Amino acid sequence: MKISGTICGRPVRVRFAPSPTGQVHVGNIRTAIFNWLYARGTEGKFLVRVEDTDRERSTSEAVEKLFECMSWLGLDYDEEPIFQSGRLSDHVFAAERLLREGKAYKGFHEQAQGVGEPTVFKIPWETDGNPSVRTRGEVAIDVSPEEKLTIDFRGLTCSVPGKNEKPMPFSASLAGFHGLRLFSADGRMLFDMESALDGIFHECKSHEFFKVSRMTFERREVFFDDMVKGTLSKPLDTMKDLVVLRSDGSPVFHLANVCDDIAQQITCVIRGDDHIENTYRHIFLFQALSSDAPSYAHLPMIVNDSGKPYSKRDGNVFAGEFREQGFLPDALFNFLALLGWSPGDGREKMTKPEMAAAFSLPRVLGSPAKFDIAKLAKLNGQYIAEMTTQHFIDTIAGFAKETARERVLQWMLNHPAKFAKAATLMQIRTRILSDCDEWGFFFPGTITYDPKALRKNLREDSRDAIEALRVIFAEFAADEFSAERLEAATRGLEGSRGLKEGLLNRPLRVAVTGRDSGPDLMLVLEMIGKHEVLDRLAALPPAPPLEEEEISAQKQWSTPSG
RNA sequence: GUCCCUAUCGUCUAGAGGCCUAGGACACCGGGUUUUCAUCCCGGCAACCGGGGUUCGAAUCCCCGUGGGGAUGCCA
């Protein structure tokens, strides 16, 4: 049973609106995922809008990467994507309309000669009957009397006492100051804006005051019900008018974004909570353009260990990096969906349809989440473990091709049967696909030795035993080189030398594979084959000396603490 | 400075006033299985930021702090 696909009767339409900057950040991916989940869970539409107005960074290559990333993750979308750059005339037209209707004005500051003036959207003065604005009551604010206070249709500018009474510049749109009155230090009223309103708005009158030490006004605030965070609000007297068209006539993000949301008939904007401040202003823009503001859901950010936005410095950030390291798209999708959201019943590993069915915006957390790569790796390993062996082999093969892993490709090409067998043995211990780089010991050729393993497991006595095993193994016919016989021979030597059963396994493993852990040793030996095993046993390198780092680490360990 | 958002184990989270002796997962530590490792199973460690209220009762509601983040652009 699916949730109804409508809000107030309108079918759900959400969008993913990334800027194509070459790489797709995990934060953006998660935003896309939440949008997608919401659309799919409500039988709504998931749309894409490429916000490519930053021409410096937006290249066709970047756009291509973006779509490639979405398809990799299985983020299928419903209508033809739109490109913001192609909608320039619409944006400029909207700005002209705002100007014509007196909802915007030209010029903000004194501009340099010869340069045009920006178009500025005015936070509307008149808000009676506006369902997004409410009154919060009378407030009084201290003003620094030594600084000038000016009022005109563009807003109020003054200074307010900060720390140590030091005047801090303050400016805001006029819309926040209904019923404004200015007072001097001795409590005398200097100005009552009510009577001056006509002059300010119709004759562009400007007022200047000195020695104002207090102002009172009726505070009003813009508010909306965020589907994630609940009711959010901001006083109008803390807001400024915003530029919608630059001096050169190009639209800024706010205008383009709102126009396009209107054009795409977006019913719900799901985006990062770094946009909350924008939303307060966008609501007025929607209204000014005769459109109902969509509902909003602001997602908490993904942060690093220090609580800062997760960035390049913190490890993998881009979809491409996860892909190259061998994370599976479904695992990454699943993991990211669980950052800030949970189905509430303890389920973690879920399919896309399961997530879509369980997803709901009110269940999304309001607080930021840290990116824990270890948990992703575990989940990725689970996805790998649950593949059929054939699927795993195909996945590794595809991955090796895609990431141009020459060595791995050579193994596949030259020893297909052995490769398949190696994959079978390694699947359960693979967490990320790039782990396949470590499979070299299965195949003929030089192997690398873990120096620590070599030192620990191949001292003189065990080297002697290994040599004895080599001689025994050499007696085997090639077709007798089976796990059972190898096992029997090894156990036999241990018996005759009075060694504990199994004691030779580790030295033997290190001698042949270069490492001290891995799949069943005898199976591995059988796979590698008589010829190669004997070669390696004969060419055993000496144990390397302790490296300096390790020595100092050992010293630290042996130092009694406290 | 001002404004906005935010606060449960190290991490992701469950938690809608009494089901809470705060549950699960990852990580970590022990034990079992595996002659290793991994998987799997069992167990352990480990949290309600602080202070005030409201209430018979607060992790949960309110206020004030504090910490973290964001905004304060003719960036997106």
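What comes next is a walk through the structure. In this text the structure is predicted, and so the values were computed from the model without any measurement. (Residues numbered from 1 in each chain as written. Chains lettered and ligands numbered in written order. Predicted model: local features only at pLDDT ≥ 70, side-chain atom pairs only at ≥ 80, totals over all residues. Heavy atoms only, no water.)

Here's the deal with the overall build of chain A
Tallying secondary structure elements over chain A gives 20 helices and 21 strands in all. Taken over C-alpha atoms, the radius of gyration comes to 34 Å for chain A, far larger than the 24 Å a tight globule of 562 residues would show. Principal-axis analysis of the C-alpha atoms gives chain A an extent of 110 × 60 × 50 Å. Burial statistics for chain A: of 562 residues in total, 49% are counted as buried. Sequence separation of at least 24 residues holds for 71% of the intrachain contacts in chain A that already meet a minimum separation of 6. (Helix = DSSP H or I, 4+ residues; strand = E, 2+ residues; numbered from the N terminus. Rg over C-alpha atoms; globule rule 2.2 N^0.38 Å. Buried < 20%, exposed > 50% of the residue type's maximum accessible area, 1.4 Å probe, protein only. Contact = heavy atoms within 4.5 Å.)

What about a negative patch on the surface?
Taken together, the side chains of E126, D128, E138 and E218 make up a negatively charged region of the molecular surface. When you line up the elements, E138 lands in strand β8 (residues 133-142). (Patch = residues over 30% accessible without salt bridge, like charges linked within 9 Å, V, L, I, M, F, W, Y side chains within 5 Å. Areas by Shrake-Rupley, 256 points an atom, 1.4 Å probe, with all protein chains shown as cover. Salt bridge = Lys/Arg side-chain N within 4 Å of Asp/Glu carboxyl O. Lys, Arg positive; Asp, Glu negative; His and termini not counted. Charge placed at Lys NZ, Arg CZ, Asp CG, Glu CD.)

So, the protein's contact with RNA strand B
Of all residues adjacent to RNA strand B, which total 56 residues, the nearest are S247, K308, G340, R429 and R491. The contact atoms of RNA strand B, taken as those within 4 Å of the protein, divide so that sugar and phosphate hold 73%. Within the side chain of Y280, an N or O atom sits 3.3 Å from a sugar or linking oxygen of RNA strand B. A distance of 3.2 Å is found between a phosphate oxygen of RNA strand B and a side-chain nitrogen or oxygen belonging to R431. Secondary-structure elements contributing two or more residues to the surface near RNA strand B are β16 (230-235), α5 (253-263), α6 (276-288), β21 (369-370), α10 (373-385), α16 (483-496) and α17 (505-513). (Near = heavy atom within 4 Å. Polar contact = N/O pair within 3.5 Å; in protein donor to acceptor, adjacent residues only side chain to side chain.)

Side note on the packing of helix α3 (residues 88-100) against α5
Relative orientation of the contacting elements α3 and α5 amounts to 105°, with a least axis distance of 9 Å. Accordingly, the angle class assigned to the pair α3 and α5 is roughly perpendicular. Here D90, H91, A94 and A95 of α3 lie close against α5, whose contacting residues are L255, A256, C259 and D260. Of the residues assigned to the contact of α3 with α5, the class counts are five nonpolar, one polar and two charged. (Axes fitted to C-alpha atoms, helices over the stretch in contact; angles between N-to-C directions. Parallel < 35°, antiparallel > 145°, perpendicular 65-115°, else oblique. Nonpolar A, V, L, I, M, F, W, Y, C, P; charged D, E, K, R; others polar.)

Here we look at the sheet that holds strand β3 (residues 13-16)
Taking strand neighbours across the sheet as the criterion, the three strands line up as β3-β4-β5 in an open arrangement whose pairing is parallel. Of all the strands in the sheet, the pair left with one neighbour each is β3 and β5 (82-83). (Pairing = 2+ DSSP bridges.)

A short note on helix α11 (residues 389-402)
Compared with an ideal rise of 1.5 Å per residue, which puts 14 residues at 20 Å, α11 spans 20 Å between its outermost C-alpha atoms and is within 8% of the ideal. Listing the buried residues of α11 in full gives F392, I393, T395, I396, A397, F399 and A400. Its buried side turned inward, α11 meets α7 (319-325), α10, α12 (406-414) and α13 (416-426). Following α11 by one or two positions, A404 has its phi on the positive side, about 50°. (Expected span 1.5 Å × (residues − 1).)

What to know about the sheet that holds strand β17 (residues 242-245)
If you trace the three strands from one edge of the open sheet to the other, you get β6-β7-β17, paired in antiparallel fashion. Each edge of the sheet is formed by a strand with only one pairing partner; in this case those strands are β6 (104-106) and β17. For this sheet, the mean inter-axis angle between neighbouring strands, taken without regard to orientation, is 40°. Contacting β6, β7 (119-121) and β17, α3 crosses the sheet at an angle of about 95° to β6. With respect to the sheet, α6 is in contact with β7 and β17, its orientation differing from that of β7 by roughly 100°.

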